[in-house]
Amino acid sequence: SGSAYIFIRSGTSWSQQAKLVAGDAAASDYFGYSVSISGDYALVGARYDDDGGNQSGSAYIFVRSGTSWSQQAKLVADDADASDYFGVSVSISGDYAVVGAYADDDAGDRSGSAYTFVRSGTSWSQQAKLVASDAASGDNFGYSVSISGDYAVVGAYQDDDAGSNSGSAYIFIRSGTSWSQQAKLVAGDAAASDYFGWSVSISGDYALVGAYEDDDGGSGSGSAYIFIRSGTSWSQQAKLVAGDAAASDYFGYSVSISGDY
């Protein structure tokens, strides 16, 4: 059924503040498969929840009051369908949340999608459905998502632009209540089976994309790429690899960025 845990720092110590469970928890929901936190709000994905059909998926918003956390909303896609896996990835930033559903089938089997939600008072509503401008079957768009302010990034690790499963990521920007694709990110040295876009993170003008099957330091050693925004354009600024890279390290399997780090 799953759970998630909130920890709080006091000085140099961290202690558990709360255990989060879904108000309608059920067997095999996988609540906690993905998590994100921003200020007093936490978002937890349950990719195998069944409200919209078997394994359609959902996500839950929790809000903090003092030292207590309570469920504020349950998010589901307006067009939820069986086996969409909505909630496989989640991210929250201020009053906005994004949830990935990589097995959504609008443009073919597992072409994928992501959904943005907005908070008004204590209510959350779906604002937009994000899909790639060049969506195709098997891209797995939405396997990873991240949001920061008016920008969201969505990974599609099995996109094939530079060879089978080379991968890509897409930047979306919000203007008022609308979201539009601003850029498509690919690695400067993209190659087949790199899985670029397996993991993504965005903070301000910087985005970070993991490619854990990249082979620079041996098969599956892995890498990650930094992109920077200038106006409406995004360009690769750096490629990150481990100083002691070795085969099968899977560097880039998970990524996160905050400010200059």
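Residues numbered from 1 in each chain as written. Predicted model: local features only at pLDDT ≥ 70, side-chain atom pairs only at ≥ 80, totals over all residues. Heavy atoms only, no water.

Engineer: Looking at this model, I keep getting lost on the overall build of the protein chain. Mind explaining?
Structural biologist: On a plain count of helices and strands, the protein chain comes out with 0 helices and 18 strands. Radius of gyration (C-alpha) of the protein chain: 18 Å, near the 18 Å computed for a compact globule of 261 residues. Its C-alpha atoms put the protein chain at 45 × 45 × 40 Å along the principal axes. For the protein chain, the proportion of its 261 residues judged to be buried stands at 48%. When contacts within the protein chain are restricted to residue pairs at least 6 apart in sequence, long-range pairs at least 24 apart make up 48% of them. Carbon and sulfur atoms make up 44% of the accessible area of the protein chain, which totals about 11100 Å². Here the protein chain contributes 12 positive and 31 negative side-chain charges, whose respective centroids are spaced 9 Å apart. (Helix = DSSP H or I, 4+ residues; strand = E, 2+ residues; numbered from the N terminus. Rg over C-alpha atoms; globule rule 2.2 N^0.38 Å. Buried < 20%, exposed > 50% of the residue type's maximum accessible area, 1.4 Å probe, protein only. Contact = heavy atoms within 4.5 Å. Areas by Shrake-Rupley, 256 points an atom, 1.4 Å probe, with all protein chains shown as cover. Lys, Arg positive; Asp, Glu negative; His and termini not counted. Charge placed at Lys NZ, Arg CZ, Asp CG, Glu CD.)

Engineer: Could you clarify how one ought to interpret the nonpolar core in this entry?
Structural biologist: General note: in soluble globular proteins, nonpolar side chains tend to be found buried as a group. Counting residues in each nonpolar core, the largest one holds 17 residues, and the members touching the most others are Leu43, Ile61, Leu75, Phe86, Val99, Phe117 and Trp124. Within the residue set of this core, elements represented by two or more residues are strand 4 (41-46), strand 5 (58-65), strand 6 (68-75), strand 7 (89-93), strand 8 (96-101) and strand 9 (113-120). (Core = buried A, V, L, I, M, F, W, Y, C linked by side-chain atoms within 4.5 Å.)

Engineer: Would you mind showing me how to read the sheet that holds strand 11 (residues 141-148) here?
Structural biologist: The strands making up a sheet are joined through hydrogen bonds of the backbone, oriented either antiparallel or parallel. Strand order in the open sheet formed by 4 strands is 11-12-13-14, with antiparallel pairing between adjacent strands. Since the sheet does not close on itself, it has two edges, and those belong to strand 11 and strand 14 (178-185), each with one partner. Sheet twist, expressed as the mean angle between neighbouring strand axes with direction ignored, is 25 degrees. In this sheet, strand 12 (residues 151-156) lies alongside strand 11 in antiparallel orientation, the contact comprising 6 bridges. In the strand pairing of strand 12, Ser144 is matched with Gly155. (Pairing = 2+ DSSP bridges. Axes fitted to C-alpha atoms, helices over the stretch in contact; angles between N-to-C directions.)

Engineer: Explain the environment of Ser125 to me, please; I cannot follow it from the model alone.
Structural biologist: Structurally, Ser125 can be placed in strand 10 (residues 123-130). For the pair Ser125 and Ser175, spaced 50 residues apart in sequence, the C-alpha to C-alpha distance is 17 Å. Once residues within four sequence positions are removed from consideration, Ser125 is found in contact with Thr116, Phe117 and Val118.

Engineer: Teacher, can you tell me more about the pattern of salt bridges here?
Structural biologist: For side chains bearing opposite charge, pairing can occur when the charged atoms are close. Within the structure shown, the criterion is met by 16 salt bridges. Where Lys74 meets Asp51, a salt bridge forms, and the shortest distance between an N and an O atom there is 2.5 Å. Pair noted here: Lys74 is in strand 6 and Asp51 is in the loop between strand 4 and strand 5, with a separation of 23 residues, a long-range link. On the basis of relative accessibility, which here comes to 25%, the residue Lys74 falls in the partly exposed class. One continuous salt-bridge network, built from bridges that share partners, spans Asp24, Asp49, Asp51 and Lys74. (Salt bridge = Lys/Arg side-chain N within 4 Å of Asp/Glu carboxyl O.)

Engineer: I would appreciate a short explanation of the packing of aromatic side chains in the present structure.
Structural biologist: Any pair of aromatic rings gets described here by the distance separating the centres and the angle formed by the planes. Counted under the stated rule, the structure contains 25 aromatic pairs. Ring plane angle 80 degrees and centroid distance 6.1 Å describe the contact between Phe31 and Phe62, whose orientation is recorded as edge-to-face. On the criterion of sequence distance, the pair formed by Phe31 in strand 3 (residues 31-38) and Phe62 in strand 5 is long-range, its members being 31 residues apart. Since its relative accessible area comes to 4%, Phe31 is described here as buried. Ring plane angle 75 degrees and centroid distance 4.8 Å describe the contact between Tyr212 and Tyr250, whose orientation is recorded as edge-to-face. (Phe/Tyr/Trp six-rings, centres within 6.5 Å; stacked < 30°, edge-to-face > 60°.)

Engineer: What's the story with the sheet that holds strand 15 (residues 199-203) in this structure? I'm lost.
Structural biologist: Strand order across the open sheet formed by 4 strands is 15-16-17-18, with antiparallel pairing between neighbours. Of all the strands in the sheet, just strand 15 and strand 18 (233-240) have a single pairing partner and so form its edges. Strand-to-strand twist of the sheet, defined as the mean angle between neighbouring strand axes without regard to direction, takes the value 20 degrees. Here strand 16 (residues 206-211) pairs with strand 17 (residues 223-230) via 6 bridges, running antiparallel. Residue Gly210 lies in a different strand from strand 17, and its bridge partner there is Ala224.

Engineer: What am I meant to see in the pairing of strand 18 here?
Structural biologist: A regular strand places its side chains so that they alternate between the two faces of the sheet. For strand 17 and strand 18, the ladder comprises 7 bridges, and the chain directions are antiparallel. Paired with Ile226 across the strands is Ala238, a residue of strand 18. As consecutive antiparallel partners, strand 17 and strand 18 are separated by 2 residues, and within that stretch Gly231 has a phi angle of approximately 65 degrees, a positive value.

Engineer: Please explain the environment of Ala245 as it appears in this structure.
Structural biologist: If you trace the backbone, Ala245 turns up in the segment after strand 18. The sequence separation of Ala245 and Ser10 amounts to 235 residues, and the corresponding C-alpha distance is 35 Å.

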